[in-house]
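Each chain, letter by letter, is given below.
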Amino acid sequence: VFRARFARPAHSRALDMLIESFHGPLRQSLGQAQAVAPTMGRRGTREHRALIDAVATGDVANARAIMGEHPESTARRVRTATGRRRRSPNLRKAS
């Protein structure tokens, strides 16, 4: 929901579709992580608030920095909480 609301002012159908496409898998991963680490969402929520504050004050550099780090830091926390390993970009399924 956060991502959809945050992107809404862009008025971009393509961005809406992209966000919609990963909403379900993202919620599932975060839900699994929260099942084993109930406080999992607190850091992400703080990062979301920091992003909102940066945008609201026009701090473009800080907003970029937060968005540059937030997806990977969230992925690290999910992997740690669920015991998953990072997928190697070199490993691809043979067609």
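Just above sits the structure.
Let me sum up the structure you'll find in this document. (Residues numbered from 1 in each chain as written. Predicted model: local features only at pLDDT ≥ 70, side-chain atom pairs only at ≥ 80, totals over all residues. Heavy atoms only, no water.)

**What about the overall build of the protein?**
- Across its full length, the protein carries four helices and zero strands.
- The order of helices and strands in the protein, counted from the N terminus, is α-α-α-α.
- Looking at the protein as a whole, 18% of its 95 residues are labelled buried.
- Here the analysis covers contacts within the protein between residues at least 6 apart in sequence; of these, 53% occur between residues at least 24 apart.
- Taken as a whole, the protein presents about 7500 Å² of accessible surface, with 55% of it coming from carbon and sulfur. (Helix = DSSP H or I, 4+ residues; strand = E, 2+ residues; numbered from the N terminus. Buried < 20%, exposed > 50% of the residue type's maximum accessible area, 1.4 Å probe, protein only. Contact = heavy atoms within 4.5 Å. Areas by Shrake-Rupley, 256 points an atom, 1.4 Å probe, with all protein chains shown as cover.)

**Focus: a nonpolar patch on the surface**
- On the surface, a cluster of nonpolar side chains totalling about 240 Å² of accessible area is made up of Phe 6, Ile 52 and Val 55.
- Following the sequence through the fold, Phe 6 ends up in helix α1 (residues 2-7). (Patch = residues over 30% accessible without salt bridge, like charges linked within 9 Å, V, L, I, M, F, W, Y side chains within 5 Å. Salt bridge = Lys/Arg side-chain N within 4 Å of Asp/Glu carboxyl O.)

**Observations regarding the pattern of salt bridges**
- Under the criterion given, the structure shown has four salt bridges.
- The shortest N-O distance in the salt bridge between Arg 77 and Glu 47 comes to 3.3 Å. Taken together, the residues span a long stretch of sequence, with Arg 77 in helix α4 (residues 60-82) and Glu 47 in helix α3 (residues 41-56) at a distance of 30 residues.
- Two residues, Glu 69 and Arg 76, come together in a salt bridge whose shortest N-O distance is 2.6 Å.

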